[in-house]
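These are the residues of each chain, in order.
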Amino acid sequence: MRRLTLIRHAKSDWSDPALSDFDRPLNGRGKKAAPLMGKRLAARSSAPDLLVSSPARRARKTAQLIARELGIAKSDILLDESLYDARVDDLLEVLKSLPDDCHPALIGHNPGLSDLGCWLCQDAPSWLKTCAVLTLELKADSWTAVTRHCAILLDYDYPKKKT
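Residues numbered from 1 in each chain as written. Predicted model: local features only at pLDDT ≥ 70, side-chain atom pairs only at ≥ 80, totals over all residues. Heavy atoms only, no water.

Peer 1: Just checking my understanding: could you explain the side chain of arginine 2 for this structure?
Peer 2: Within the element layout of this structure, arginine 2 appears in strand S1 (residues 2–8). No salt bridge is formed by the buried arginine 2, whose closest oppositely charged neighbour, aspartate 100, lies at an N-O distance of 4.3 Å. One polar contact links the side chain of arginine 2 to the main-chain carbonyl oxygen of aspartate 100, over a distance of 2.4 Å. At 2.6 Å, the side chain of arginine 2 forms a polar contact with the backbone oxygen of aspartate 141. Not counting the four nearest positions on each side in its chain, arginine 2 is found in contact with Asp100, Leu136, Glu137, Leu138, Ala140, Asp141, Ser142 and Trp143. (Helix = DSSP H or I, 4+ residues; strand = E, 2+ residues; numbered from the N terminus. Buried < 20%, exposed > 50% of the residue type's maximum accessible area, 1.4 Å probe, protein only. Lys, Arg positive; Asp, Glu negative; His and termini not counted. Salt bridge = Lys/Arg side-chain N within 4 Å of Asp/Glu carboxyl O. Polar contact = N/O pair within 3.5 Å; in protein donor to acceptor, adjacent residues only side chain to side chain. Contact = heavy atoms within 4.5 Å.)

Below is the structure:
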């Protein structure tokens with residue numbers, strides 16, 4: 001069995017139209033939501049122990065804020081360019097490259113993360129909200145053995161969810 005957490009980046013700031021999509025930062029709401037979701041993850045019995053993030057500014061900052069709450073060093077966050085503008089096949093390749101003894105969190109973007117969640121689990125939400133955290137348990141002995149609909153939904157949380 002594998003555990004996998006998918007985290008969509010927190011709310012981004014669109015106030016500067018000159019910035020590229022890749023360079024958009026988090027807005028004020030996003031800067032508050034990411035640590036909140038990190039605290040909620042840390043309170044669970046099985047929090048991710050490896051963070052793999054898109055290098056886009058908003059995803060990277062989300063990962064850093066969550067890492068702080070999980071006690072993971074900023075320098076231990078893996079940045080993977082293939083998470084930016086990723087499709088399901090791209091995300092599966094990232095998973096296949098990970099060690100089998102970890103519980104990774106992929107931190108990235110829609111529609112890729114939402115599509116991966118639905119590909120893995122029929123009960124996954126069709127669209128991850130900003131800073132949403134989707135945790136799945138996969139019936140697979142290794143990351144290379146992951147197949148369509150091999151997962152069950154353990155938790156779906158997002159900043160405005162009533163806890």
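There's plenty left to go through after this.
Peer 1: Explanation requested: a positive patch on the surface in the structure shown.
Peer 2: A contiguous patch of positive charge on the surface is contributed by Lys11, Arg29, Lys129, Lys160 and Lys162. Note that arginine 29 resides in helix H1 (residues 28–42). Arginine 29 gets classed as partly exposed once you look at its relative accessible area, which sits at 45%. (Patch = residues over 30% accessible without salt bridge, like charges linked within 9 Å, V, L, I, M, F, W, Y side chains within 5 Å. Areas by Shrake-Rupley, 256 points an atom, 1.4 Å probe, with all protein chains shown as cover. Charge placed at Lys NZ, Arg CZ, Asp CG, Glu CD.)

Peer 1: How should the nonpolar core be read in this particular structure?
Peer 2: General note: in soluble globular proteins, nonpolar side chains tend to be found buried as a group. The biggest cluster of nonpolar side chains holds 31 residues, and the ones touching the most others in it are Leu106, Leu116, Leu120, Leu138 and Val146. Elements with a contribution of two residues or more to this core: S1, strand S2 (50–53), helix H3 (88–96), helix H4 (112–120), strand S5 (133–138) and strand S6 (151–157). Ranked by residues supplied to this core, first place goes to H3 with five residues. If sequence neighbours within four positions are ignored, leucine 138 has contacts with Met1, Arg2, Leu4, Leu120, Trp143, Val146, Cys150 and Ala151. Ala10, Ala59, Leu70 and Ile77 belong to the second-largest nonpolar core, a separate cluster that totals 20 residues. (Core = buried A, V, L, I, M, F, W, Y, C linked by side-chain atoms within 4.5 Å.)

Peer 1: Looking at this structure, how should I read H4?
Peer 2: Residues separated by three or four positions in an α-helix point in the same direction, a consequence of the helix having 3.6 residues per turn. Extensive coverage of H4 is indicated by the burial of seven of its nine residues. Taken residue by residue, H4 has Gly112, Leu113, Ser114, Leu116, Gly117, Trp119 and Leu120 as its buried positions. Against the buried residues of H4 lie S1, H3, strand S4 (104–108), S5 and S6.

Peer 1: Even after reading the chapter, I still don't get the pattern of salt bridges, so can you show me in this structure?
Peer 2: Side chains that differ in sign of charge can pair as their charged atoms come close. Within the structure shown, the criterion is met by seven salt bridges. When the shortest N-O distance is used, the salt bridge between arginine 24 and aspartate 21 registers 2.2 Å. Classification of arginine 24 as buried rests on a relative accessible area of 6%. Residue class for aspartate 21 comes out partly exposed when judged on its relative accessible area of 33%. Lysine 96 is paired through a salt bridge with glutamate 93; the nearest N and O atoms lie 3.7 Å apart. Linking lysine 96 with glutamate 93, this pair stays in helix H3, spanning three residues, or about one helical turn. One network of salt bridges, with partners in common, ties together Arg40, Arg44, Asp155 and Asp157.

Peer 1: Can you help me understand a negative patch on the surface in this one?
Peer 2: A contiguous patch of negative charge, built from Asp49, Asp100, Asp101 and Asp141, is present on the exposed surface. The residue aspartate 49 is located in the loop between H1 and S2 in this model.

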